[in-house]
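# Observations on the three-dimensional arrangement
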Amino acid sequence: MRFAPLAAWIVLGIWAAPAVADEAHDWLERLAQAERAQSYQGTFIYERNGSFSTHAIWRRVEGEGSHERLLQLDGMPQEVVRVDDQISCVTGSLADQLSTGPLWPSRQLIAAQLQQSYELRLVGKSRVAGRAAVVLALLPRDQHRYGIELHVDMQSGLPLKSLLLSDKGQLLERFQFTRLNTSMPATKSLQGGAGCQPLRPAVTQIETDPVWQSDWLPPGFALHASTQRRSPASDEAVACLVYGDGLARFSVFLEPLRGAAAEDLRSQVGPTTAVSRRVQTEQGDVMVTVVGEIPMGTAERVALSMRALPAEEAP
Amino acid sequence: MSRETLHESLSAVMDNQADELELRRVLAASEDADVRATWSRYQLARAVMHKELLEPRLDIAAAVSAALADEPAPALQPRAPASWRTLGRLAVAASVTLAVLVGVRFYNQDAITGAQMAQQAAQPMLSLPQVQGPALLAGFSSESEQAQASGQPAQPSTWHEQRLPSYLRQHAQQAAMSGADSALPYARAASLESR
């Protein structure tokens, strides 16, 4: 099984001489550092099955403070401006499912932690957005997560290109800069447009002690938050649990069916899998929906492993 | 014949190890809903072991039967011009062919092309007038379609339609607003809006 992802890399023609692991670690550390501390501006594309879009990004880091603006350049102007990692303004439709606070910690590109779930390799050199890059591969150690191919700018350490690949080597999504400039963006370009509004939580969501738990989780994944909010379609309270392994994330939604007719479901939107499974509890059937950037088989197994905690055992 | 013997035979057929007797035994029992369900479960188990993506509830035979049952019998339309009857036959043939094609293609799908096909469901190709809905839809993943295909009362999947987009966007937006690696999760969230 371990060799299936490897074979995919070979087919993609990016496999080079056996890498020096330490050098790959150094590049990953450098990438993490650049994502925090480097000022830059540029344009990038995002492509997944059924969607292709172009975006601009401006990021200015001064001392401990950061100022960042992201703007979709085609179609409706989706936009978000963040100051010191807090949302300063955002276009409405990008935030209408948000409540308060981040649920996941920011991506942890700490080589030592990722090592448990991914094998890190330096697989070659490339050129992206007119810049020289080194290619890092994060090969999953099991079938419960996808592989990532990262092209890191040699000069700045910024990620120029990121591909998400299934175990069969298929491209699930592409993030790729077309232009990158490491000069400091002007204050004017960091201002949000007219549609960019301060974040007003559109939904009420409360942090709760989990009343559900998963009997099985893919290795390396941990629970990061447990919340509850109103169902998008009824007055039912929907429990939401979010999990991550430092790179991949998934959410589990649990909504009581109250006798409603609803079938099990499997769906895939680009890199994101959605699996719904009906689970029986003493209070009636509940629909468990797992949504995340994980393989379908894994999402299914998580959905089937969800168990309601008996009231007296709940912490 | 005991249930257990039948299950053993079923397992043997699936592994291509069945002898003539076992094959006949399974074929004789193939109308039985329980046997079909068991067959589906075995296929799923095997698919999981082989790491294949598979829609276990795909039941082409039931879908084709349903399509044929829906087709108005020629005897009920004595005045219909010959050309219409021909068209009707073509329609059945087309729907059966499509069901098989779609089914076979779906069996060989992996994640991204599976999603492509699911998206094609909304495309004009599938609204061709001569196509019988149930047979065609049998290849796609929602089980309400399966319910239709096997002749049970149709259950619209409105439950999911009302919720899944919201769940997807909630997941994407929460990930997008979570931290320093924001560009990629942001782009994922934005891609759900620009349709």
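Attention in this report is confined to the structure presented alongside it. Values in this document were obtained by computation on a predicted structure and should not be read as measured data. Within each chain, residue numbers correspond to sequence positions counted from 1 in written order. In the order they appear in the text, chains get letters beginning with A and ligands get numbers beginning with 1. Under the rules for a predicted model, residues below a pLDDT of 70 receive no local features and side-chain atom pairs below 80 are neither given nor counted, while totals for whole chains, interfaces and linings still include all residues. Excluding hydrogens and water, the side-chain figures rest on all heavy atoms present in the structure.

### A look at a negative patch on the surface
Together, Asp22, Glu23, Asp26 and Glu29 of chain A make up a region of like negative charge exposed at the surface. Within the secondary structure layout, Glu29 of chain A lies in helix α2 (residues 21-37). Each patch is assembled from residues with relative accessible area greater than 30% and no salt bridge, linking like charges that lie within 9 Å and nonpolar side chains (Val, Leu, Ile, Met, Phe, Trp, Tyr) that lie within 5 Å. Areas reported here follow the Shrake-Rupley algorithm with a probe of radius 1.4 Å; residue values treat only the protein chains shown as occluding. Only one rule defines a salt bridge in this text: a Lys or Arg side-chain nitrogen within 4 Å of an Asp or Glu carboxyl oxygen. Positive charges come from Lys and Arg, negative ones from Asp and Glu, while His and the chain ends are left out of the count. By convention, the charge on Lys lies at NZ, on Arg at CZ, on Asp at CG and on Glu at CD. Under the scheme used here, helices are H or I runs from DSSP no shorter than 4 residues and strands are E runs no shorter than 2 residues, and both carry numbers assigned from the N terminus.

### Focus on the packing of helix α9 (residues 158-176) of chain B against helix α10 (residues 183-193) of chain B
Between two packed helices, both the angle of their axes relative to each other and the distance between the axes serve to describe the pair. Residue and element names in this part refer to chain B. Here, axes are lines fitted to C-alpha atoms. For helices the fit covers the stretch in contact, and angles between N-to-C directions go from 0 to 180 degrees. One can describe the packing of α9 onto α10 by two numbers: an axis separation of 7 Å at closest approach and a directional angle of 150°. The angle between α9 and α10 falls in the class roughly antiparallel. Considering the relative orientation of α9 and α10, their crossing is left-handed. For the pair α9 and α10, contact is made by Leu168, Arg169, Ala172, Gln173, Ala175 and Ala176 and by Pro185, Tyr186, Ala189, Leu192 and Glu193, respectively. By the definition adopted for this analysis, an angle is roughly parallel if under 35 degrees, roughly antiparallel if over 145, roughly perpendicular if from 65 to 115, and oblique otherwise. The handedness criterion is simple: a crossing whose near helix is rotated anticlockwise from the far helix by less than a right angle is left-handed, and one whose near helix is rotated clockwise is right-handed. By definition, residues are in contact when any of their heavy atoms lie within 4.5 Å.

### Notes on the state of the cysteines
Residues and elements named next belong to chain A. A pair of cysteine sulfur atoms is labelled a disulfide when the two atoms are within 2.5 Å. Throughout the structure, instances matching the rule amount to one disulfide over all chains. Through a disulfide, Cys89 is tied to Cys196; the S-S separation comes to 2.0 Å. Sign of the S-S torsion, about 95° for the bond between Cys89 and Cys196, identifies this disulfide as right-handed. Here Cys89 is found in strand β5 (residues 86-91), whereas its partner Cys196 is found in strand β11 (residues 196-197), with 107 residues between them in sequence. Comparing Cys89 with Cys196 shows no difference in burial state: the two are buried. Each residue's exposure class comes from its accessible area (1.4 Å probe, protein chains only) as a fraction of the maximum for that residue type: buried when under 20%, exposed when over 50%, partly exposed otherwise.

### Some points on the packing of aromatic side chains
To pair, rings of Phe, Tyr and Trp, with the six-membered ring standing in for Trp, must have centres within 6.5 Å; the planes then decide the type, stacked if under 30 degrees apart, edge-to-face if over 60, and tilted in the middle. By the definition in use, this model includes seven aromatic pairs over all chains. An angle of 65° between the planes, with centres 5.6 Å apart, marks the rings of Phe44 of chain A and Phe177 of chain A as edge-to-face. With Phe44 of chain A in strand β1 (residues 40-48) and Phe177 of chain A in strand β10 (residues 171-181), this residue pair connects regions lying 133 residues apart in the sequence. An aromatic cluster is present here, built from Tyr40, Phe44, Phe175 and Phe177 of chain A joined pairwise through their rings. Only Lys NZ and Arg CZ are tested; either one counts as a charge over a ring when it is within 6 Å of the ring centre and within 35 degrees of the ring normal. Lying across the ring of Tyr118 of chain A, Arg145 of chain A places its NZ or CZ 5.9 Å from the centre. For Arg163 of chain B, the ring lying beneath its charged end belongs to Trp159 of chain B, and the centroid distance is 4.1 Å.

### Some words on the sheet that holds strand β12 (residues 205-207) of chain A
Residues and elements named next belong to chain A. Reading across from one edge, β12-β14-β15-β16-β19-β18-β17 is the order of the seven strands in this open sheet, with antiparallel pairing throughout. The open sheet has two free edges, formed respectively by β12 and β17 (265-269), since each of these has just one partner strand. With strand direction ignored, the average angle separating the axes of adjacent strands in the sheet is 25°. Strand pairing is assigned whenever DSSP identifies at least 2 bridges connecting the two strands. In terms of strand pairing, strand β16 (residues 249-256) meets strand β19 (residues 284-292) through seven bridges, oriented antiparallel. For Glu255, the partnering residue across the bridge sits in β19 and is Met287. Across the sheet, helix α5 (residues 296-305) touches β16, β17, β18 (272-281) and β19, and the angle it forms with β18 is around 20°.

### Some words on the pairing of β5 of chain A
Residues and elements named next belong to chain A. Looking at chain direction, strand β4 (residues 79-83) and β5 are connected through four bridges and run antiparallel. Bridge assignment links Val81 to a residue of β5, and that residue is Cys89. As paired strands, β5 and β11 are joined by two bridges and run antiparallel to one another. Within β11, the position partnered with Val90 by the bridge is Gln197.

### Looking at unusual backbone geometry
Residue and element names in this part refer to chain A. Phi at Asp85 is positive, roughly 65°, even though this residue is not glycine. Within the fold, Asp85 resides in the loop between β4 and β5. Backbone geometry at Ala129 places phi at a positive 55°, although glycine is not the residue there. Within the element layout of this structure, Ala129 appears in the loop between β6 (118-128) and β7 (131-140).

### A closer look at the sheet that holds strand β9 (residues 159-165) of chain A
Spatial strand order, β6-β7-β8-β9-β10-β1-β2-β3-β4-β5-β11 (chain A): 11 strands in an open sheet with antiparallel pairing. In this open sheet, the two strands that pair with only one neighbour each are β6 and β11 of chain A. Each of β1, β2 (51-62), β3 (65-72), β4, β9 and β10 of chain A is contacted by α10 of chain B, which is oriented at about 50° to β1 of chain A, the strand it contacts most.

### Thoughts on the nonpolar core
Nonpolar side chains in soluble globular proteins tend to end up buried together. Core analysis: the largest hydrophobic core is formed by 40 residues, its most contacted members being Phe44, Ile57, Leu70 and Phe177 of chain A together with Tyr186 of chain B. Counting only elements with at least two residues in this core, the list comes to β1, α3 (92-95), β10, β15 (237-244) and β17 of chain A together with α9 and α10 of chain B. The greatest single-element share of this core, amounting to seven residues, is contributed by α10 of chain B. Beyond its immediate stretch of four places on either side in the chain, Leu70 of chain A contacts Phe44, Ala56, Ile57, Gln78, Glu79, Val80 and Arg82 of chain A together with Ser182, Ala183 and Tyr186 of chain B. Nine residue types can take part in a nonpolar core, namely buried Ala, Val, Leu, Ile, Met, Phe, Trp, Tyr and Cys, and a core is a set of them joined through side-chain atoms within 4.5 Å.

### Considerations on the environment of Glu62 of chain A
Mapped onto the elements of the fold, Glu62 of chain A is located in strand β2. Between the C-alpha atoms of Glu62 of chain A and Gln38 of chain A, which are 24 residues apart in sequence, the distance is 9.1 Å.

### Examining the environment of Leu120 of chain A
Residues and elements named next belong to chain A. Assignment of secondary structure puts Leu120 in strand β6. With a relative accessible area of 8%, Leu120 lands in the buried category. For the pair Leu120 and Pro140, spaced 20 residues apart in sequence, the C-alpha to C-alpha distance is 8.9 Å.

### A closer look at the packing of helix α1 (residues 3-14) of chain B against helix α3 (residues 33-49) of chain B
Residues and elements named next belong to chain B. Axis separation between α1 and α3 bottoms out at 10 Å; the angle between their running directions is 45°. The pairing of α1 with α3 is recorded here as oblique in orientation. Both α1 and α3 take part in a crossing whose hand is right-handed. In this structure, α1 uses Arg3, Leu6, His7, Leu10, Ser11, Val13 and Met14 to contact α3, whose residues at the interface are Asp34, Val35, Thr38, Trp39, Tyr42, Gln43 and Arg46. For this classification, Asp, Glu, Lys and Arg are treated as charged, while Ala, Val, Leu, Ile, Met, Phe, Trp, Tyr, Cys and Pro are nonpolar and the rest, including Gly, are polar. Looking at the contact of α1 with α3, its residues break down into seven nonpolar, four polar and three charged.

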